[in-house]
Amino acid sequence: MDYKHQEIEKRWQDFWRDNDIFKVTEDPARKKFYVLDMFPYPSGAGLHVGHPLGYIASDIYSRYKRQQGFNVLHPIGFDAYGLPAEQYAIQTGQHPEITTNQNIERYRNQLDKIGFSYDWSRAVRTCDPEYYKWTQWAFIRMFDSWYDNAAGKARPVAELEEYLSQHGTEGLDAAQTEEHSLTAAEWNAMTEKERRAALMNYRLAYRAETMVNWCEELGTVLANDEVTEGVSVRGGYPVTQRKMRQWCLRVSAYAQRLLDGLEKIDWSESLKETQRNWIGRSEGAEMRFDVVGNDLKLEIFTTRADTVFGVTFMVLAPESEYVDLVTTPGQREAVEEYRKAVSHKTERERQIEKKVSGVFTGAYARNPLTGKEIPIYVSDYVLAGYGTGAIMAVPAHDSRDYAFARHFDLPIIPLIEGADVSEQSFDAKEGIMINSEGPKLNLNGLTVKEAIARTKEFIREEGLGDVKVNYRLRDAIFSRQRYWGEPFPVYYVDDEPYMLHEDELPLLLPEVDSYLPTNDGQPPLGRAKNWHDSDGHPYEVCTMPGFAGSSAYYLRYMDPHNPDALVGRDNDEYWRAVDLYIGGREHATGHLIYSRFWDKFLYDLGVVAEDEPFRKLVNQGMIQGRSNFVYRVQGTNTFVSAGLKDKYDTAPIHVDISLVKNDVLDTEAFRRWRPDFAEAEFIVEDGKYVCGWAVEKMSKSMYNVVNPDDIVERYGADTLRLYEMFLGPLEQSKPWDTNGIDGVNRFLKKLWGWFERVDLDGDAPMSRAELKTMHKLIKKVTGDIEEFSFNTSVAAFMIALGELQQMKSTNRGAAELFTRVIAPFAPHIAEEFWHRLGHEGSVVDAEWPAFEEKYLVEDSVKYPVSFNGKTRFTIEVPADTPREKVSELAMADPQAEKWMAGKTPKKVIVVPGKIVNIVI
RNA sequence: GCAGGAAUGGUGGAAUGGUAGACACGGGGGACUUAAAAUCCCCUGGCCUUUACCGGCUGUGUGGGUUCGAGUCCCACUUCCUGUACCA
């Protein structure tokens, strides 16, 4: 009987569903294992063949762990809030929920066909009120928390209030937006409103006026990780900097813990490095410069304290609050004009035109070490959001300062011996200091490293500043001026935000008549009727960003239907952290930072037991498209085969890859493809029209999208699963190439054919050869799965089958073992075998076989091995050599001569057969 | 600029420091067939030698090094990918 994949796969998928095979329950008696996929955003385009790559890998791992006896939690859900559904709603008027649910339905369908072992009873979707209730809940808890730097953890705001009423800010070491100081008396004299305003400075979820990334096209603000190279990640629209009042999360409070936590988790070094760079810890000093003729002190941050003698001017960010305070009346107009010009530029423009620009404020500061007066400028090369938004400029040793100094003709003083600064700055942190002697401090002759340390010490002693650690990581902007997201559980009294009570959650997303902003520029929720509480206090009109719902979803899977908690204590303590998380690298600075932050916060609250959510993380590579081209001769309807195209003047045209097999074009289908090709003529080679190809992003416009449904229908889910793994290393990006799929499909057909010949009723023990083949296979596959080297496992299956076929094996025991080891990879065919072998239940509970070394004959030593001071090696001699001649022959071997290096062998061991062991 | 990773046949890719190119695709040849598809068998890095068998040389981006032995380890370089960037 032929291998009928459609029939087999349907049968076992139904069986799994009808018998709740993948339903998981907490069982303290069993060891747990939690395997998680990054849940998908259900887009309208459906899954293409690249999406399931990581899911297949995690499914293999889950099934493998389950066969090893673990209680495996392997859930899935949907990241259901997001822009595409909303944009579709704006165009069509269809509620995004309808669109989203349709897409989810389709995704579910596609996923089921691939035979994943998900426990769908635990599925979550972020737009479900029962789910986002807990997103809102976490937000409230963040609002009610502040970060105590001394204790290194979040604490309730009530405790902060208590502290302020007794001590003011004296001795308080808290994460805060700005340095504030007040006395207990001042605090106690404040009104309720004033106190709430003051507390905003400390809350972990806070509302503040900050510089934000505004995307006009998307009509919303974006977090830093949603902007790249000055444009929005989604859509690629320009982004400008704007000051707006927004909700933010104080992620920066956790910067050090986010950094430290990386040490104890099993992630790839490159991903950790990306996060380290994103967090951007730098150690330096904060220093105060006096402004001449003004009480003001300019506070700056530098990592090069050693270069203070070379400071010849200072620069403020255009948005810095210092600008208004120092600018002289005569320069005010010029400064205002400059600020205005800068604010109109998009981030992208600002980055692309690297032209030096800036304006003098008219004010001077005093270099604290030299006493000299130095001018203060404003320029957009200084960023408002980093450090203090003000810098000391050292043109000799910083390339940006150098360019600025050249442009404005400011002095450049080299501070390092031998540094030639006539053409460019000397940025390296190495060398011996010169020109660095002042009334109180002399750095001359010190190395840069020593000078930095010495200067830091000095400024601390003199009260000029302090040692300071700065992080690049900024607080996450948490408001979006959009409709399709979680509503904030916030109402306003006299413009002061208050949180809803937890009993009032979820606050449901209201209906609106249009998904566009209101006429007076309010977000879409401004259109909602009765969008206020029972006392008429208005609710917040912004919604939460995409990462809100994805930050703690892995916790909800542990206890998805709990009405009283995000996750119950027992369930959390059973499942704890995710043991294996598989997903794309693109979330390195977004979701994977936010989730860790969120988890650490919940850990501080005592809600979760682990302070790192994902123990091991594997990034699957991206699957790119493989496009095909035909070459049209210019101005004709004639197409030239790829091998001949250079002889003509041609233009490549993307051709739908479904019209191409192994790069050969189906010319008839091509003529039918589009009306203007109906009359196409072909210049062929060897009777075939060969297409060109290129690796590109998989997209509709390139006609290179491969839908997994088509593959499943034609070859089967097991073939798809094996082939996706066979394509190459999991973590590597690679193009999808349907060309090779026949090989894998052929293997499954052969496996099927072999199994048909197996003597199912026989009870003969496996032969020595069979045992060796099977144990070699088990050893290989077990090792491969542990190392996520699934591609070589597929090859191992093929080799093992080839060996069994060669030895004409029909042994039942071999079939039994084969079924068990291939089950994670090709579960449908394995399930079929499992039942034919007479077993009950599902193959997912078939015990994973252990290999036994004794069946694996050791390879003989062929190269010199040192052991106990003796060197031993093996030489091969022809098998028919007479016994007494063996050693003589071995010694004559040129390699043996080389290895012995003129020494006489101490011992020659003749092993039966043709191998000689020589010990020197 | 900085950080991380990669470079092996026509293609995707294998190789605890130990016979480079497993496995698969593609290609070539053959069997079966009226024919095609499917299936099965053989060959397939390059160069040289040979009637044939046999055999030799060369070969993992480039140049050095360590080692009895290097695709693998070390140093320098080239190219490509990915991420990130006026972060002081």
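Residues numbered from 1 in each chain as written. Chains lettered and ligands numbered in written order. Predicted model: local features only at pLDDT ≥ 70, side-chain atom pairs only at ≥ 80, totals over all residues. Heavy atoms only, no water.

Here's the deal with the overall build of chain A
Looking only at helices and strands, one finds 29 helices and 33 strands in chain A. Taken along its principal axes, the extent of the C-alpha atoms in chain A is 105 × 85 × 75 Å. For chain A, the proportion of its 920 residues judged to be buried stands at 53%. (Helix = DSSP H or I, 4+ residues; strand = E, 2+ residues; numbered from the N terminus. Buried < 20%, exposed > 50% of the residue type's maximum accessible area, 1.4 Å probe, protein only.)

Re the sheet that holds strand 6 (residues 220-222)
If you trace the four strands from one edge of the open sheet to the other, you get 6-5-9-17, paired in antiparallel fashion. The open sheet has two free edges, formed respectively by strand 6 and strand 17 (476-477), since each of these has just one partner strand. Strand contacts of helix 5 (residues 129-143): strand 5 (205-215) and strand 9 (240-249), with the helix running at about 95 degrees to strand 9, the strand carrying the most contacts. (Pairing = 2+ DSSP bridges. Contact = heavy atoms within 4.5 Å. Axes fitted to C-alpha atoms, helices over the stretch in contact; angles between N-to-C directions.)

Section: the protein's contact with RNA strand B
In the region of RNA strand B, 39 residues are neighbours, and Ser-270, Thr-303, Tyr-386, Arg-400 and Arg-746 sit closest. For RNA strand B, the fraction of atoms within 4 Å of the protein that belong to sugar or phosphate moieties is 63%. Contact distances for RNA strand B include 2.9 Å between a phosphate oxygen and a side-chain N or O atom of Tyr-386. Leu-727 has a polar backbone atom sitting 2.7 Å from a sugar or linking oxygen of RNA strand B. (Near = heavy atom within 4 Å. Polar contact = N/O pair within 3.5 Å; in protein donor to acceptor, adjacent residues only side chain to side chain.)

A look at the confidence of the model for chain A
Mean pLDDT for chain A: 88, with 92% of residues reaching 70 or above. When pLDDT is averaged over each element of chain A, strand 2 (residues 71-73) comes out on top at 98 and strand 30 (residues 865-867) at the bottom at 44. Ignoring residues within four places in sequence, the model shows residues 865-870, a span with pLDDT below 50, making six contacts including any to other chains. When the criterion is pLDDT under 50, residues 910-915 qualifies, and its contacts beyond four places in sequence or with other chains add up to 14 contacts. Taken over the whole predicted complex, pTM reads 0.90, whereas the ipTM for its chain interfaces reads 0.93. (pLDDT = per-residue confidence, 0-100.)

Some remarks on helix 24 (residues 768-786)
An ideal rise of 1.5 Å per residue puts 27 Å on 19 residues; helix 24 measures up with 27 Å between its terminal C-alpha atoms. Every buried residue belonging to helix 24 is among Glu-770, Leu-771, Thr-773, Met-774, His-775, Leu-777, Ile-778, Val-781, Thr-782, Asp-784 and Ile-785, and all of these are buried. (Expected span 1.5 Å × (residues − 1).)

As for the sheet that holds strand 20 (residues 578-583)
Across a sheet, paired strands are connected by hydrogen bonds in the backbone, their directions being either parallel or antiparallel. Here we have four strands laid out as an open sheet, ordered 2-1-20-21, and parallel in their pairing. Every interior strand has two partners, whereas the edge strands, strand 2 and strand 21 (614-619), have only one. Direction aside, the axes of adjacent strands within the sheet are offset by 20 degrees on average. Relative to strand 20, strand 1 (residues 32-37) is paired through three bridges, and the arrangement is parallel. Bridge pairing in strand 20 links Val-35 to Leu-580. The sheet strands contacting helix 19 (residues 591-605) are strand 20 and strand 21, and the helix crosses strand 21 at an angle near 175 degrees.

Looking at the packing of aromatic side chains
Summed over all chains, the structure comprises 63 aromatic pairs. Ring centres of Phe-78 and Tyr-107 lie 6.3 Å apart, and the angle between their planes is 85 degrees; this geometry places the pair in the edge-to-face category. Of this pair, Phe-78 sits in the loop between strand 2 and helix 3 (83-92) while Tyr-107 sits in helix 4 (residues 96-113), placing them 29 residues apart in sequence. With a relative accessible area of 3%, Tyr-107 lands in the buried category. Between Phe-78 and Trp-120, the aromatic rings sit 6.2 Å apart at their centres with planes inclined by 25 degrees, giving stacked as the arrangement. Of the two residues, Phe-78 is situated in the loop between strand 2 and helix 3 and Trp-120 in the loop between helix 4 and helix 5; the sequence distance between them amounts to 42 residues. (Phe/Tyr/Trp six-rings, centres within 6.5 Å; stacked < 30°, edge-to-face > 60°.)

Description of the environment of His-591
Secondary-structure assignment places His-591 in helix 19. Separated by 227 residues in sequence, His-591 and Tyr-364 have C-alpha atoms that sit 45 Å apart. Filtering out sequence-adjacent residues up to four positions away, His-591 remains in contact with Met-38, Ser-550, Tyr-553, Tyr-581 and Phe-614. A distance of 2.7 Å separates a polar atom in the side chain of His-591 from a polar atom in the side chain of Tyr-581.

Structural notes on the side chain of His-397
Relative to the elements of secondary structure, His-397 occurs in the loop between strand 15 (390-393) and helix 14 (399-408). Here Leu-415 takes part through its backbone nitrogen, which lies 2.9 Å from a polar atom of the side chain of His-397. Within the local environment of His-397, its side chain forms a polar contact with the backbone oxygen of Phe-426, the two atoms lying 2.9 Å apart. Residue contacts for His-397: discarding those within four places in its chain leaves Arg-304, Ile-413, Pro-414, Leu-415, Ile-416, Ala-419, Ser-425, Phe-426 and Asp-427.

Overview of the packing of helix 22 (residues 717-726) against helix 25 (residues 790-806)
Remark: helix 22 packs on helix 25, axes separated minimally by 7 Å, with the N-to-C direction vectors making an angle of 120 degrees. In this view, helix 22 runs oblique relative to helix 25, as classed from their interaxial angle. On helix 25, the residues that touch Leu-722, Met-725 and Phe-726 of helix 22 are Phe-790, Asn-791, Val-794 and Ala-795. Tallied by class, the residues present in the contact of helix 22 with helix 25 amount to six nonpolar, one polar and no charged. (Parallel < 35°, antiparallel > 145°, perpendicular 65-115°, else oblique. Nonpolar A, V, L, I, M, F, W, Y, C, P; charged D, E, K, R; others polar.)

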